[in-house]
Amino acid sequence: MRKFVYQFSEGSKDMKNLLGGKGANLAEMTNIGLPVPPGFIISTDACNDYTTGNKHLSEEIFEEVKIHLSKLETQTGKVFGSTENPLLVSVRSGAPFSMPGMMDTVLNLGLNDSAARGLADLTGDARSAYDSYRRFIQMFGDVVFEIPSYQFEQALSRIKKANNYLLDTELTADDLTELIDAYKLIFSQATGNDFPQNPLEQLRLAIIAVFDSWMNPRAVIYRRLHDIDASLGTAVNIQAMVFGNTGESSGTGITFTRNPSTGEKEVFGEFLLNAQGEDVVAGIRTPEPISALQMRMPMVYNELLKTCELLENHYLDMQDIEFTIEKGKLYVLQTRSGKRTAKAAIQTAVDFVHEGKITREEAIMRVETKQLHQLLHPAFHESALKNGHVIASGLPASPGAATGQIYFEAKEAVQAAERGISVILVRNETSPEDIEGMARSNAILTAHGGMTSHAAVVARGMGKCCIAGCSELTINEKEKTITLKTGEKLYEGDYLSLDGSSGNIYLGEIALTEASIGGHFDELMGWADAAKKLMIRVNADTPTDFKKALLFGAEGIGLCRTEHMFFDEKRIPYVRQMILAESLKERESVLTILKEMQKADFSELFRIAEGRSVNIRLLDPPLHEFLPKTDHEIEQLAQDMNRTVPQIRKRIEALAEANPMLGHRGCRLAITFPEIYRMQAEAIMESAVIVHDEGISVHPEIMIPLIATKSELSYIKKEIKQVIHAIFDRERMVLPYDIGTMIEIPRACVTADEIAEEAQFFSFGTNDLTQLTYGFSRDDATKFLADYYEKDILAKDPFMTIDKAGVGALVEMAVTRGRMTHEHLKMGVCGEHGGDPDSIQFFHQLGLTYVSCSPYRVPIARLAAAQAALGTKQLVATL
Ligand code: PEP
Ligand code: MG
């Protein structure tokens, strides 16, 4: 017989794939003796059985659920559906990977009219019983039947208003029975049926709703953003309810064992008295900091501290713990590895090593590579901030600074972002439906909710600036206005600036500065450098970028795109003259001017490199890209060059190509105009000589783009070598240098053994290689790739993450064939994939020498390379 349902006592923390993260940890905590309300888990296998079985919950599974339900009755001494002593349960989703707030939960299930009455009689607390029942109707209606929750909220507000209440907790038992009737009416109007009174039917529907929530749009988007495999499925946790809404000695909260924003070693969190779990997460009431619990319930507070310590030491990681206090007794409802900012991730990982709890290798594996982006976030320019006018402050929920225009709806935020606007999403509180709007905004501002509210948790995960719980502001989402304390109003499109580290909100735009890296970053990166095998170089063609990259730990330049130097305002007229030259002589005289300019560039890069590798790629794009485009520009050029407008237009037309990406570019230019590459090679070597004479060692790598055949490379290499050796003869010296090639055309991969006869290195240009392998234009593919994702034809953008099966296989072939000719051929990657962690893992496995990426991705690449090396080590160890 297949087994789909597990008691908590049957599981462990190592069974996440089967029991989901929440279930596995509930099982673990039960087994180590923590006060966990009893329950059982319907496995992810059941979810997959449901999904693959045409969304049918099989009787086999439901029968097993019933067996476990009766065990739960025995454990609790309560009876499901009883009117005297009803067993109430929570039904919660729990995927193998944490997806906070993405899927559904139903609390207080098992209540119906008579059970609510029975519960009221049993406990003598009619208020709590009816409060639980009205919450259940609302959650069940929302989750299972998708009745918009505002309909319930409106009914609640009506009754509060009629009685002049400010808080939900002021509602009396009579008010709540009136509310229950209103809720039941909303339910029957929306569904055409009465609210289900049979608890087993309630349970069946709730389980189905949780399974369905695995495929809801917000969960699908979250999985895409976090690379979570859709075939995993979710588990369902059924657990006896404990009640935090039974008066002032009850409550509920969330606590982190360390500060999830900074990583500081302090228990951090918040709680609400007389409330149920969802109240804290939903951010409807603003919770109190966890330290206040010490005053209110010292015994519970101390037990909570001990629990935090025990769980952190047990899991050897910072934990995010959900708890409920029922009439002075503490229950633990969840523990999981706490989501944290990059700063906190590094701080805790390094602290855990210092505390002797984990190894350096484990610390490296713990920091998510993509999270490092957060450390590279901007802050406000100090001097600009001096003139900033703080209009309000809220909770500093997620660090970083942002400036932008305010939008009040997630959908409008997405549209504005698509128009290129820097958006700040402003909401009373966010909900999982807002996920895409949040992802597309620069920052998030909410009026309600605490540090663990949805907005705070999600923004922190995304590494986005967020200020939550800013109650000084009155946000009217319908009118799209913010009213300040002064009465002044802000409207959609107005500018605000947010400091997610201080919680301050400023009017207008404030200039931003680049991020700074501090804390334990260098220490962790030092460990990463010791562990990694790949070298990390930078794609840089300006001294500023190169210097920045060196600060980020780059080990040299992997790609200097020389064409970028040509676009400079002062140079472009000469570049154009070179293109328009009518004779070789004329062209060569302009090239001499350009050479001096290039020499200045290269010498500066060699100086900064201080002996590190500098890979300079000779001119790559088609010449027409440098020519003027507008009428005005053409007229200007004609004037500057003493030519007529028709002459210029004729030349532009002559250079135009139907498909320039496959046209006269890269090494093909040098086949037609060898003097261009000769000039560049001279500039490189003459500057190498200058810098060498200054006492700095230099070893230039000269790279030829777009090679398809060995014969192209032989021809160009001969040309270049001639000029280089002429310099050596003239200077009576010899410097080391390498001539190599980009491998970015499929033919080059297939004939890499031949090409390696002429190349001293290979650098994989995976941008062009992807373009040419797929036949997808790198400039236009975004226009149709969205359809590919939607129709599950492609999972990821192949221009971002290497397509291992196709493009990757070609790279592998080139590596193997290149090594057949030169066993120790130097090989690297300089396409965008060189900064992508998943692709880096693949390049590590191929045993490449280096990857090269943009400056800001250098730290990410260092960490990814270390993780790849350690991951491979683990793999080998387990074989
Ligand atoms: C490439 O094609 O991967 C590459 C690095 O060159 P470019 O992007 O300049 O074409
Ligand atoms: Mg290229």
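Residues numbered from 1 in each chain as written. Chains lettered and ligands numbered in written order. Predicted model: local features only at pLDDT ≥ 70, side-chain atom pairs only at ≥ 80, totals over all residues. Heavy atoms only, no water.

The name recorded for the protein chain in an unreviewed UniProt entry is Pyruvate, phosphate dikinase, from Listeria welshimeri serovar 6b. Database annotation for the protein chain, UniProt heading Cofactor (unreviewed entry): "Mg(2+)". Here the protein chain is described in UniProt, under the heading Sequence similarities (unreviewed entry), as follows: "Belongs to the PEP-utilizing enzyme family." (UniProt positions renumbered as here; feature names shortened; annotations may be inferred.)

### As for the overall build of the protein chain
Helix and strand content of the protein chain: 35 helices and 31 strands. Relative to the 2.2 N^0.38 estimate, which gives 29 Å for 879 residues, the radius of gyration of the protein chain is 32 Å and therefore close to what a compact globule would have. Considering only C-alpha atoms, the protein chain reaches an extent of 105 × 65 × 50 Å along its principal axes. Counted over contacts in the protein chain with a minimum sequence separation of 6, partners at least 24 positions apart contribute 69%. If you sum the accessible surface of the protein chain, you get close to 36400 Å²; carbon and sulfur atoms cover 51% of it. Mean positive and mean negative side-chain charge positions of the protein chain (90 and 119 charges, respectively) differ by 3 Å. (Helix = DSSP H or I, 4+ residues; strand = E, 2+ residues; numbered from the N terminus. Rg over C-alpha atoms; globule rule 2.2 N^0.38 Å. Contact = heavy atoms within 4.5 Å. Areas by Shrake-Rupley, 256 points an atom, 1.4 Å probe, with all protein chains shown as cover. Lys, Arg positive; Asp, Glu negative; His and termini not counted. Charge placed at Lys NZ, Arg CZ, Asp CG, Glu CD.)

### Considerations on the nonpolar core
Ile704, Phe762 and Phe764 are the most contacted members of the largest nonpolar core, which totals 101 residues. The element best represented in this core is helix α27 (residues 674-693), accounting for 10 residues. In this view, Ile704 contacts Leu618, Cys667, Tyr677, Leu713, Ile716, Ile720, Ile739, Gly740, Thr741 and Met742; residues no more than four positions away in its chain are not counted. (Core = buried A, V, L, I, M, F, W, Y, C linked by side-chain atoms within 4.5 Å. Buried < 20%, exposed > 50% of the residue type's maximum accessible area, 1.4 Å probe, protein only.)

### Description of the site of ligand 1
Near ligand 1 you find 14 residues, and of these Arg561, Arg617, Gly765, Asn767 and Arg778 are the closest. Note that an oxygen atom of ligand 1 is positioned 2.9 Å from one of the side-chain N or O atoms of Arg617. Within the side chain of Glu744, one N or O atom sits 3.0 Å away from an oxygen atom of ligand 1. Isolated, ligand 1 exposes 290 Å² of accessible area, and the fraction of that covered by the protein chains is 95%. Elements supplying a minimum of two residues to the shell around ligand 1: β25 (556-561) and α31 (766-774). Counting residues per element, the shell around ligand 1 draws most heavily on α31, at 3 residues. Taken together, the residues of the shell around ligand 1 sort by class into 3 nonpolar, 4 polar and 7 charged. (Near = heavy atom within 4 Å. Polar contact = N/O pair within 3.5 Å; in protein donor to acceptor, adjacent residues only side chain to side chain. Nonpolar A, V, L, I, M, F, W, Y, C, P; charged D, E, K, R; others polar.)

### A short note on the pattern of salt bridges
Considering all chains together, one arrives at 57 salt bridges under this definition. With a closest N to O distance of 3.0 Å, Asp768 and Arg665 form a salt bridge. Remark: Arg665 occurs in the loop between α25 (645-655) and α26 (667-672) and Asp768 occurs in helix α31; sequence separation between them is 103 residues. On the basis of relative accessibility, which here comes to 2%, the residue Asp768 falls in the buried class. A salt bridge links Glu686 to Arg730; its shortest N-O distance comes to 3.2 Å. Of this pair, Glu686 sits in helix α27 while Arg730 sits in helix α28 (residues 710-731), and the two are 44 residues apart along the sequence. (Salt bridge = Lys/Arg side-chain N within 4 Å of Asp/Glu carboxyl O.)

### Re the side chain of Asn245
Along the chain, the position of Asn245 falls in the loop between β5 (235-240) and β6 (251-256). Looking at Asn245, its side chain comes within polar contact range of the side chain of Ser132, at 3.4 Å. Sequence-distant contacts of Asn245, defined by excluding residues within four places in its chain, comprise Ser128, Asp131, Ser132, Arg135, Ser250, Asn274, Ala275 and Gln276.

### Thoughts on the UniProt feature "binding site: substrate" (unreviewed entry) in the protein chain
Look at the UniProt record and you will see "binding site: substrate" (unreviewed entry) annotated at Arg561, Arg617, Glu744, Gly765, Thr766, Asn767 and Asp768. Within the secondary structure, Arg561 sits in strand β25. Relative accessible area serves as the criterion here: at 18%, Arg561 is assigned to the buried category. If we ignore the near neighbours within four places in the chain, the residues touching Arg561 are Asn539, Asp541, Arg617 and Asn767. Structurally, the position occupied by Thr766 is in helix α31.

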